[in-house]
Amino acid sequence: MTKWFKSSVRTLILMSSLLVALAPGYSQAADFFDETFGNLQDELETAKEEGKQGIFLFFQMSDCPFCHRMETTILNQPDVIKYYKKHFLAFSIDIEGSNEMTDFDGTTGTSQELSEKKYRVRATPVLMFVNLEGKRILRYTGPTRTKQEFMLMGQFIVDGAYKTTKFTRYKREHMKSIAP
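The structure displayed is predicted, hence computed values, not measured ones.

Novice: How should I be thinking about the overall build of the chain in this particular structure?
Specialist: Counting its secondary structure elements, the chain contains seven helices and six strands. Listed N to C, the secondary structure of the chain is α-α-β-α-α-β-β-β-α-β-β-α-α in terms of helices and strands. Per-residue burial for the chain yields a buried fraction of 41% across its 180 residues. In the chain, once contacts between residues fewer than 6 apart in sequence are set aside, the share between residues at least 24 apart is 64%. Accessible area for the chain stands at about 10,900 Å²; split by element, carbon and sulfur atoms hold 55% of it.

Structure (structure tokens):
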């Protein structure tokens, strides 16, 4: 019995150490997104009060490998978190979720209903930026390839380049100067 007990304690210590080692990356990814009660009208007012450039929405689902990759390789990076926290409120929206939401224009429904019917999200992730009037200013379907591309997307909004050009052109012009 003592041998079994020692083996179990060792296993427990090993598993605990592994969890502690993995926790920083997980908690940082969780830090990227802001908490919400699902009322995007209220969140828009908060963004205005806090001097943000807009709201970033990350439409995702739990079994999406591309969403997971972005969360574990891009959205958990301290410089990404810092930049996006400074300029945007950021919310994760589960396209299969049953949480009640109120959209920017007052439309209500579950996160799944709004994702499907209003935003027509068919594949994930979908990255969407909304201005302070609640209007979509950029929609990007699929994961960004690199952290630099994701940061460039935020810069595209912050600099106001979306008012005069498309993101694909902006990216083509600016990615050369920030090669990884």
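Read on for the rest.
Novice: Whenever I open this one, a negative patch on the surface confuses me. Can you help?
Specialist: Taken together, D63, D94, E96, E100, E113 and E116 make up a surface patch of like negative charges. Along the chain, the position of E116 falls in helix 5 (residues 111-118).

Novice: Whenever I open this one, the nonpolar core confuses me. Can you help?
Specialist: Side chains that are nonpolar tend, in soluble globular proteins, to be buried together. Counting residues in hydrophobic clusters, the biggest one holds 29 residues, and the most contacted among them are F32, F56, Y84, F129 and F150. Counting only elements with at least two residues in this core, the list comes to strand 1 (54-60), helix 3 (65-73), helix 4 (78-87), strand 2 (88-94), strand 5 (126-130), strand 6 (136-141), helix 6 (147-158) and helix 7 (167-175). The leading source of residues in this core is helix 6, at six residues. Formed by 18 residues, the second largest nonpolar core is a distinct cluster that contains L44, F91, F104 and M128.

Novice: So what exactly am I meant to see when it comes to the pattern of salt bridges here?
Specialist: Side chains bearing opposite charge may pair, as long as their charged atoms lie close to each other. Throughout the structure, instances matching the rule amount to six salt bridges. A salt bridge links K85 to D34; the nearest nitrogen and oxygen atoms lie 2.9 Å apart. Here K85, found in helix 4, pairs with D34, found in the loop between helix 1 (2-32) and helix 2 (40-49); they are 51 residues apart in sequence, far enough to count as distant. On the accessibility criterion, K85 (27% relative accessible area) is partly exposed. Within this structure, D103, D105 and K118 form a network of salt bridges that share partners.

Cut-offs used in this document
- Every chain begins its residue count from 1, and numbering advances along the sequence as written.
- A pLDDT threshold of at least 70 governs which residues receive local features in this predicted model, and a stricter bar of 80 or more applies before side-chain atom pairs are shown or counted, although totals over entire chains, interfaces and linings include all residues.
- Each side-chain value is derived from all of the structure's non-hydrogen atoms; neither hydrogens nor water enter the calculation.
- The numbering of helices and of strands both runs from the N terminus, where a helix is a DSSP run of H or I of at least 4 residues and a strand a run of E of at least 2.
- Partly exposed residues are those whose accessible area sits between 20% and 50% of the maximum for their type, while under 20% is buried and over 50% is exposed, using a 1.4 Å probe and protein chains only.
- The contact definition used throughout considers only heavy atoms, calling two residues in contact when any of these lie within 4.5 Å.
- Computed with the Shrake-Rupley method and a 1.4 Å probe, the accessible areas treat only the protein chains shown as cover for residues.
- Without a salt bridge and with relative accessible area above 30%, a residue can belong to a patch; like charges are then joined within 9 Å and nonpolar side chains (Val, Leu, Ile, Met, Phe, Trp, Tyr) within 5 Å.
- Definition used for salt bridges: Asp or Glu carboxyl oxygen within 4 Å of a side-chain nitrogen of Lys or Arg.
- The sign given to each residue is positive for Lys and Arg and negative for Asp and Glu; His and the chain ends receive no count.
- Think of each charge as sitting on NZ of Lys, CZ of Arg, CG of Asp or CD of Glu.
- Within this scheme, the nonpolar core is defined by two criteria: the residues are buried Ala, Val, Leu, Ile, Met, Phe, Trp, Tyr or Cys, and they are joined through side-chain atoms within 4.5 Å.

All we've got here are geometric facts, nothing functional implied.
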